[in-house]
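Take a look at the letters that make up each chain.
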Amino acid sequence: QVQLVESGGGLVQAGGSLRLSCAASGRTFNRYPTAWFCQAPGKEREFVAAISRSGGRTDYADSVKGQFTISRDNAKNTVHLQMNSLKPEDTAVYYCAISPLASYSPREADFGSWGQGTQVTISS
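A brief report on the enclosed structure follows. These figures come from a predicted structure and were not determined experimentally.

Scoring rules and cut-offs
Residues numbered from 1 in each chain as written. Predicted model: local features only at pLDDT ≥ 70, side-chain atom pairs only at ≥ 80, totals over all residues. Heavy atoms only, no water. Buried < 20%, exposed > 50% of the residue type's maximum accessible area, 1.4 Å probe, protein only. Helix = DSSP H or I, 4+ residues; strand = E, 2+ residues; numbered from the N terminus. Pairing = 2+ DSSP bridges. Disulfide = S-S within 2.5 Å.

With seven of seven residues buried, strand β9 (residues 92-98) lies mostly within the body of the structure. Bridge count between strand β4 (residues 34-39) and β9: six bridges; the pairing is antiparallel. Its bridge partner lying in β9, Phe37 is registered against Tyr95. As paired strands, β9 and strand β10 (residues 118-123) are joined by three bridges and run antiparallel to one another. Residue Tyr94 lies in a different strand from β10, and its bridge partner there is Thr118.

Shown next as C-alpha cells:
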C-alpha cells in the first residue's frame with residue numbers, strides 16, 4: 001500500500017511562490033496517477049492538478065492554469081506542485097492522492113490514499 005506525505009506548505013505573501021512535495025512510500029508509486037486537491041476553510045475539497053503515471057499527461061483546474069505546475073520524479077517517488085503568483089484565495093490545506101485508474105477523471109472520487117495535508121496560507 002502506498003502512503004503519501006505532503007510537505008512544503010507555509011505562510012507567504014501574495015505574489016510569492018511555494019513548491020509542495022508529495023513523497024510516497026513503496027516501490028509501485030510509478031503505477032499511479034497522482035493529484036493535488038485543496039480544501040479551504042468552510043469549503044469542500046476540490047481538484048487542483050493531476051499527473052499521469054509517466055508524467056506525459058497533466059490536468060489543471062481552470063483557476064490555476066498558468067499559475068501552478070505539477071511534475072513527478074518516479075526515481076525519487078515524489079510529485080511536486082510549483083505554485084507561483086500566489087493569491088489569498090489560494091489559502092487552503094493541500095492534499096495529494098493517487099488513483100488506481102490509468103484513465104482518471106479530475107475528481108475526488110477517482111483518487112484515494114490521501115496524505116495528511118500541508119497548510120498553505122497566503123497573506124495580502
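In protein structure, a disulfide is the covalent linkage between the sulfur atoms of two cysteines. Enumeration over the complete set of coordinates arrives at one disulfide. For Cys22, the disulfide goes to Cys96, at an S-S distance of 2.1 Å. Between Cys22 and Cys96 the disulfide shows an S-S torsion of about 70°. By sign, it is right-handed. Taken together, the residues Cys22 in strand β3 (residues 18-24) and Cys96 in strand β9 connect sequence positions 74 residues apart.

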